[in-house]
2 protein chains.
Amino acid sequence: MDHQASLACPKFSYDILSAMPFAFCTRERLPWTEFAESAENGVTTKFCQELAKKYNMVIVSPILERDELHGETLWNTAVVISNTGAVLGKSRKNHIPRVGDFNESTYYMEGNTGHRVFQTAYGKIAVNICYGRHHPLNWLMYSTNGAEIIFNPSATVGELSESLWPIEARNAAIANHCFTCPINRVGTEHFENEFTSGDGKEAHNDFGYFYGSSYVAAPDGSRTPGLSRVCDGLLIAEMDLNLCRQTNDKWNFKVSTSSNKNMQNRPHKYQHFFTDNHVRVYSHIGVEV
Amino acid sequence: MDHQASLACPKFSYDILSAMPFAFCTRERLPWTEFAESAENGVTTKFCQELAKKYNMVIVSPILERDELHGETLWNTAVVISNTGAVLGKSRKNHIPRVGDFNESTYYMEGNTGHRVFQTAYGKIAVNICYGRHHPLNWLMYSTNGAEIIFNPSATVGELSESLWPIEARNAAIANHCFTCPINRVGTEHFENEFTSGDGKEAHNDFGYFYGSSYVAAPDGSRTPGLSRVCDGLLIAEMDLNLCRQTNDKWNFKVSTSSNKNMQNRPHKYQHFFTDNHVRVYSHIGVEV
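Residues numbered from 1 in each chain as written. Chains lettered and ligands numbered in written order. Predicted model: local features only at pLDDT ≥ 70, side-chain atom pairs only at ≥ 80, totals over all residues. Heavy atoms only, no water.

**Looking at the overall build of chain A**
Thinking step 1. Secondary structure summary: chain A contains nine helices and 14 strands in total.
Thinking step 2. Considering only contacts in chain A between residues 6 or more positions apart, those separated by 24 or more positions represent 65%. (Helix = DSSP H or I, 4+ residues; strand = E, 2+ residues; numbered from the N terminus. Contact = heavy atoms within 4.5 Å.)

Quick look at the structure:
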């Protein structure tokens, strides 16, 4: 990390729940819930605050959150830490898979933090966690709230989703005139106790192969090469955030989507989407608004 | 066409406004508006009805529509013709570009037919016309209304959109558990009178190069090779419509998107989307419902 940070990367995001194995496939409570920690005061946050301040770097830190103020509820959460070391706020995963080995609703449910956008020193960012990348509406809401860069910290395996990986976040960048950063871990994690996956197959001790392949996609449809499928990596990308507005002004997708006339001619389900579109920016004071 | 139909293709779609050049770039009224014709009784519809019946084939026929019953209003419309030769109904383009050379709102405005889905002998189909492919919500609405195959008849040129073409419809197939068929014409069309494009460049006589590259994408993220960039072509694809439900049942994106708990936790803008989700099927009687 010190080496990585010394490269002066102003924004940095780990993969999902980066401090623990992806243990939800086991459906075991213990010891996995012991990884849960406070978003504001947990050891991971404290650690990242020091790094962020030391390297003048915004950090997106995905953790298993224990909400100590509200009955020790668990959440899948990304903490956003300012380059000053302050906790800018947090964003909770809002689409929870019940797919194959993803037994995540055993541990936490859909988040209650809406589609927050964080004003950082390096741009307005949002975090669309993991499974949320499959939902175009989800990306849209972060974009509608003003995000210029949407991070997508993930932990996903080859057989399930690798064929979709190059398409979804890239399409979201195109559709929403913003940058997207899908991030995935690498390797296979072995668990002591065998578990089944609801797919008729025999019990096993691993979840599958996490295929890495993190990349950055731009509003014009271009993208970086992916990181390795097999090794940890650090992707350094220079993003010209002007491209968000430039692409918006070239294409005007939002004009077409949100014009009143357009809305009037659509099923009523459509009409509520853009009536109070506004940019919600979170203040840069280390206190969640 | 006879040769094409003899291949026993049960569903067939032309590119957008297939009977005329893409003349909207000129902003000239005449002679282009003379191509407009009735969706129900126009010569193109009559021609396609004969073909559809002769070859037991459903045809999606995009035309410049003249709504003779309502003040000769013009629309960008796709007529859906049953394999029996009946006009099943029509779907009007609902996102109208005002981009560069696309001066389409000079001629017609956003359609008023919502997101119709047509029950045909070969599956439930919808038509997301041209520019509508850039809008994930648009695909979603057709899918939510029950479409198993969504056609996207287009006329789009290289410099503007070719980098986006392989991504958007493919993502729509993934996100909505359905098949998508983006279709584009080929070649360059020359106009007698020069026109400008609102881009600071000199007046010119063509709109750009239509890059073809039509393809079919499946719910599992796979796709066919594209047709040629330079020649007319016919793409024959066998689609197992069971894959729509199979993929839905594997991934369950819609469970995650539409669960009540999920909605309650979201900004109110989200909540109206799925409250009366139902399949609207149009009867197979040759009369638009």
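**Describing the sheet that holds strand 7 (residues 118–120) of chain B**
Residue and element names in this part refer to chain B.
Thinking step 1. Here we have four strands laid out as an open sheet, ordered 7-8-9-10, and mixed in their pairing. The strands lining the two open edges of the sheet, one partner per strand, are strand 7 and strand 10 (179–184). Each neighbouring strand pair of the sheet contributes to a mean axis angle of 30°, computed without reference to strand direction.
Thinking step 2. The sheet contact formed by strand 8 (residues 123–127) and strand 9 (residues 149–154) spans three bridges and is parallel. Pairing of A126 across the sheet is with I150, part of strand 9. (Pairing = 2+ DSSP bridges. Axes fitted to C-alpha atoms, helices over the stretch in contact; angles between N-to-C directions.)

**A word on the confidence of the model for chain A**
All names here are of chain A.
Thinking step 1. On average, residues of chain A carry a pLDDT of 85, and 84% of them reach 70 or more.
Thinking step 2. In this model residues 3–9 is a low-confidence stretch, pLDDT under 50, and it forms eight contacts with partners more than four residues away in sequence or in other chains.
Thinking step 3. Across residues 259–289, where pLDDT falls below 50, the model places 96 contacts with residues more than four positions away in sequence or in other chains.
Thinking step 4. For this predicted complex, the interface confidence comes out at an ipTM of 0.78, alongside a pTM of 0.83. (pLDDT = per-residue confidence, 0-100.)

**A closer look at the packing of helix 5 (residues 165–176) of chain A against helix 5 (residues 165–176) of chain B**
Thinking step 1. Here helix 5 of chain A crosses helix 5 of chain B at 120°, and the two axes come no closer than 9 Å. Accordingly, the angle class assigned to the pair helix 5 of chain A and helix 5 of chain B is oblique. As for the relative orientation of helix 5 of chain A and helix 5 of chain B, their crossing is left-handed in sense. Within the contact between the two elements, helix 5 of chain A uses I167, E168, R170, N171 and I174 of chain A and helix 5 of chain B uses I167, E168, R170, N171 and I174 of chain B.
Thinking step 2. Each residue belonging to the contact of helix 5 of chain A with helix 5 of chain B can be placed in one class, and the counts come to four nonpolar, two polar and four charged. (Parallel < 35°, antiparallel > 145°, perpendicular 65-115°, else oblique. Left-handed = near helix turned anticlockwise from the far one by under 90°. Nonpolar A, V, L, I, M, F, W, Y, C, P; charged D, E, K, R; others polar.)

**A word on the state of the cysteines**
Residues and elements named next belong to chain B.
Thinking step 1. Taken as a whole, this structure holds zero disulfides over all chains when the rule is applied.
Thinking step 2. Here C178 stays free of any disulfide, with the sulfur of C244 as its closest cysteine sulfur at 6.3 Å.
Thinking step 3. The exposure class assigned to C178 is buried, which follows from its relative accessible area of 0%.
Thinking step 4. Assessed through its relative accessible area of 8%, C244 is described here as buried. (Disulfide = S-S within 2.5 Å. Buried < 20%, exposed > 50% of the residue type's maximum accessible area, 1.4 Å probe, protein only.)

**Section: the sheet that holds strand 8 (residues 123–127) of chain A**
Residues and elements named next belong to chain A.
Thinking step 1. The strand order across the open sheet formed by four strands is 7-8-9-10, and the pairing between neighbours is mixed. What marks the edges here is a single partner per strand, and that holds for strand 7 (118–120) and strand 10 (179–184). Put simply, the sheet's adjacent strands are angled 30° from each other on average, direction ignored.
Thinking step 2. As paired strands, strand 9 (residues 149–154) and strand 10 are joined by six bridges and run parallel to one another. Within strand 10, the position partnered with F151 by the bridge is C181.
Thinking step 3. In this fold helix 5 packs onto strand 9 and strand 10, with an angle of close to 155° to the strand it touches most, strand 10.

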